[in-house]
Amino acid sequence: MKKAIAILGSTGSIGKQCLEVVSIFPSRLRVAALATRDDIDTIVEQVKKFQPRIISVLNDEVKAKVEAKLAGAKVEIFTGAEGLLKVATAADAKMVVVAIPGSLALTAVLEAVKLKKDIALATKEVLVAAGEIFMNGVKAAGVKVFPIDSEHSAIAQCLRGEDKKTIKKIILTASGGPFLKTPAEKLVQMTAKDALKHPTWKMGPKITIDSATLMNKGFEVIEAHYLFGLDYAQIEVIIHPESIIHSMVEFVDGSIKAQLGAPDMRVPIQYALLEEERQANHWGRLDFAKVAGLTFQKPDKMKFPCLEYAYVAGKAKGTLPAILNAANEEAVNQFLKGRFNFDQIAVKIKAVMGQYQSKESPALNDILAADQAARAAAAAI
Ligand code: MG
């Protein structure tokens, strides 16, 4: 039977690759609903090809333009936060792919979970900012969460058939980003253009900058804590520039399992959309004869302080991870606009984290309020 999916963020890098996966499994997957911000041409094309019944766009202005280009198509178009909610809760969708950056997705995703929809999760902010609330919701509703992130997909694959009690630790691999070999003192000169050259993965601008600061890996540490129920002391990060090993699990007996493959997001996306069923595809494959070598090094905490900030925020819990996330998002936005150079991203995040008291056991409203406050503070610095 065909499973209907809804995609929050269908015109971004992950969203487009999800639809590529849908295209090669037409007997398994179909599209119920799509949400974009304002990529008019792409959403119009997607509606024509995948025929969702519901779509959502940023506002009425975008809606009018999309409507004009879709005259006659049987699709309901919604806007704004209500639109995201409509897409996430589309009646026939059994799974919701969450791939919009930032905390925008939170409310919509929590509603989808309440309606017992499985979640394919690419947006890091859901677990970073609202990990406890989200996981409690998931448990209460009895839905499944499938990570769309190469590292967490790797860990999930390594854990198949294993007892979680036998995990000694997990080792998340990080490419190290474009500045791995850049001397620390040169980081003050680095601009958005320099940072957008990611060595191995093809991704959107926000996550590419997060990879350059290692904040992306920090977020993945917090995600892993919630997804796999591990203490922070059990989650390690290692730099592995080739991005061939996507992550590893070490068990109590000293045995280590790793998941390897060509760095292609469509592989973890397919694994998530097909609910961990293995199916043949035509994506690129790893040829060991062509791999020159696999190298590893410890992350440089002085050069990339954001990784440590994530451990601090994750362990503190409460609203601090949401503050970290919002401060980072604002700082990265400003960096992408050319307001300052690379080294200042971490400086701003640290300053904002120092301004706020973390609130314990927060409700969603507390998290959203902390998010707003931290964003404003980061913009003001
Ligand atoms: Mg990743």
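Preceding block: the structure.
Owing to the predicted nature of the structure, the values given are computational and were not obtained by experimental measurement.

Here is what the cut-offs are and how they apply
- Residues take numbers from 1 onward in each chain, read along the sequence in its written order.
- Confidence filtering applies because this is a predicted model: local features only for residues at pLDDT of at least 70, side-chain atom pairs given and counted only at 80 or more, and all residues used for totals across whole chains, interfaces and linings.
- With hydrogens and water stripped out, all remaining heavy atoms of the structure feed into the side-chain values.
- Water is absent from the atoms considered, so a metal site may look incomplete; donors are defined as N, O and S atoms within 2.8 Å of the metal, or 3.2 Å for Na, K and Ca.
- Strands are runs of DSSP state E lasting at least two residues, helices are runs of H or I lasting at least four, and both sets are numbered from the N terminus onward.
- In this analysis a 1.4 Å probe is tested at points of a 1 Å grid over the protein atoms alone, and where it fits but cannot get out there is a cavity; an open set with protein on both sides within 12 Å along at least five of seven lines is a pocket; lining residues have an atom within 4 Å of a point.
- Grid points are joined across faces, edges and corners, and a volume is the space filled by probe spheres set on the points.
- By this definition, two strands are paired if DSSP reports at least two bridges between them.
- Orientation is described by lines fitted to C-alpha atoms, with helices fitted over the stretch in contact, and by angles between N-to-C directions that extend from 0 to 180 degrees.
- Side-chain atoms within 4.5 Å are what join buried Ala, Val, Leu, Ile, Met, Phe, Trp, Tyr and Cys residues into a set we call a nonpolar core.
- To sort residues, take the accessible area from a 1.4 Å probe on protein chains only and compare it with the maximum for the residue type: under 20% means buried, over 50% means exposed, and anything in between is partly exposed.
- Here a residue-residue contact requires only that any non-hydrogen atoms of the pair lie within 4.5 Å.
- In summary, the pairing rule links any two rings of Phe, Tyr or Trp, Trp by its six-membered ring, whose centres are within 6.5 Å, and it sorts them by plane angle into stacked for under 30 degrees, edge-to-face for over 60 and tilted for everything else.
- Only one rule defines a salt bridge in this text: a Lys or Arg side-chain nitrogen within 4 Å of an Asp or Glu carboxyl oxygen.
- Seen with its strands pointing away from the viewer, a crossover is right-handed when the path leading from the first strand over the helix to the second is clockwise.

S.K.: Tell me what's going on with the coordination of the magnesium ion, and back it up with residues and numbers.
M.R.: Coordination sphere of the magnesium ion, protein contribution only: Asp149 (OD), Glu151 (OE) and Glu220 (OE), at 2.1 to 2.2 Å. Mapping the donors of the magnesium ion onto the primary sequence yields the spacing D-x1-E-x68-E. Of this pair, Asp149 sits in the loop between β7 (145-147) and α7 (150-158) while Glu220 sits in helix α10 (residues 215-228), and the two are 71 residues apart along the sequence.

S.K.: Describe in detail the layout of surface pockets, supporting the description with residues and values.
M.R.: Over the atoms rolls a probe the size of a water molecule, and its path tells where empty space is left. In this model, the second largest pocket occupies a volume close to 410 Å³. Taken together, 22 residues make up the lining of the second largest pocket; nearest its centre are Gln259, Val267, Arg278, Asn281 and Arg285. Contributing elements (two or more residues each) for the lining of the second largest pocket: α7, β11 (256-260) and α11 (266-273). Examining the composition of the lining of the second largest pocket, we find that 4 residues originate from one element, α11, more than from any other.

S.K.: Lay out unusual backbone geometry with the relevant residues and their values.
M.R.: Phi angles above zero are rare outside glycine, and Glu276 is one such case at about 70 degrees. Assignment of secondary structure puts Glu276 in the loop between α11 and α12 (306-316). Phi at Lys317 takes a positive value of approximately 55 degrees, unusual for a residue other than glycine. By secondary structure assignment, the location of Lys317 is in the loop between α12 and α13 (320-336).

S.K.: Quick rundown of the sheet that holds strand β1 (residues 3-8)? Include the residues and the values.
M.R.: Pairing between the strands of a sheet comes from backbone hydrogen bonds, and it takes one of two forms, parallel or antiparallel. Here we have 7 strands laid out as an open sheet, ordered β4-β3-β2-β1-β5-β6-β7, and parallel in their pairing. Every interior strand has two partners, whereas the edge strands, β4 (76-79) and β7, have only one. Sheet twist, expressed as the average angle between the axes of neighbouring strands with direction ignored, equals 25 degrees. One ladder, built from 6 bridges, connects β1 with strand β2 (residues 29-35); its direction is parallel. Within β2, the residue paired with Ile7 across the bridge is Leu34.

S.K.: Would you mind going over the nonpolar core in detail, with residue names and values included?
M.R.: Residues Leu8, Phe134, Leu324 and Ile349 are the most contacted members of the largest nonpolar core, which totals 96 residues. With near-sequence residues (within four places) excluded, Leu8 lies in contact with Ala35, Leu84, Val87, Ala88, Val96, Val97, Val98, Ala99, Ile100, Ala108 and Val109. Counting residues in hydrophobic clusters, the runner-up holds 36 residues, among them Cys18, Val31, Val47 and Ala122.

S.K.: Can you break down the packing of aromatic side chains residue by residue, with the values?
M.R.: All chains considered together, the criterion is met by 3 aromatic pairs. When the ring of Phe179 is compared with that of Phe342, the centres are 4.7 Å apart and the planes differ by 75 degrees; the resulting orientation is edge-to-face. Residue Phe179 is found in the loop between β8 (167-174) and α8 (192-195), and its partner Phe342 is found in the loop between α13 and α14 (343-355); the two are separated by 163 residues along the sequence. Assigned by exposure class, Phe179 and Phe342 land together as buried. Pairing Tyr232 with Tyr311 gives two aromatic rings, centres 6.4 Å apart and planes at 70 degrees, and the pair type is edge-to-face. In this pair, Tyr232 is assigned in the loop between α10 and β9 (235-239) and Tyr311 in helix α12, connecting sequence segments 79 residues apart.

S.K.: Could you give an account of the pattern of salt bridges, naming the residues involved and the relevant values?
M.R.: The tally for this structure, following the rule as stated, stands at 27 salt bridges. Where Lys94 meets Glu275, a salt bridge forms, and the shortest distance between an N and an O atom there is 3.3 Å. With Lys94 in the loop between α4 (80-88) and β5 (95-98) and Glu275 in the loop between α11 and α12, this residue pair connects regions lying 181 residues apart in the sequence. With a closest N to O distance of 3.1 Å, Glu329 and Arg375 form a salt bridge. In this pair, Glu329 is assigned in helix α13 and Arg375 in helix α15 (residues 364-380), connecting sequence segments 46 residues apart. By the burial criterion, Glu329 is buried, and Arg375 matches it.

S.K.: Describe α7, listing the residues and the values that go with them.
M.R.: Burial of α7 is extensive: 9 of the 9 residues sit out of reach of the surface. Of the residues making up α7, those classed as buried are Ser150, Glu151, His152, Ser153, Ala154, Ile155, Ala156, Gln157 and Cys158. The elements touched by buried residues of α7 are β7, β8, α10, β10 (245-251), β11 and α11.

S.K.: Run through the sheet that holds β9, naming residues and quoting values.
M.R.: Spatially, the 4 strands line up as an open sheet ordered β9-β8-β10-β11, and their pairing is mixed. Both edges of this open sheet fall to β9 and β11, since each of them pairs with a single strand only. Each adjacent strand pair in this sheet contributes to an overall mean axis angle of 20 degrees, direction not counted. Bridge analysis of β8 against β10 gives 4 bridges, and the strand direction is antiparallel. In the strand pairing of β10, Ile167 is matched with Phe251.

S.K.: Could you give an account of the pairing of β2, naming the residues involved and the relevant values?
M.R.: Among the 7 residues that make up β2, 6 are buried, leaving the element largely enclosed by the rest of the structure. Considered for its hand, the β-α-β crossover made up of β1, helix α1 (residues 13-24) and β2 is right-handed. Judged from the 3 bridges that link them, β2 and strand β3 (residues 54-57) form a sheet pairing that is parallel. Bridging from a neighbouring strand, Ala33 pairs with Ile54 of β3.

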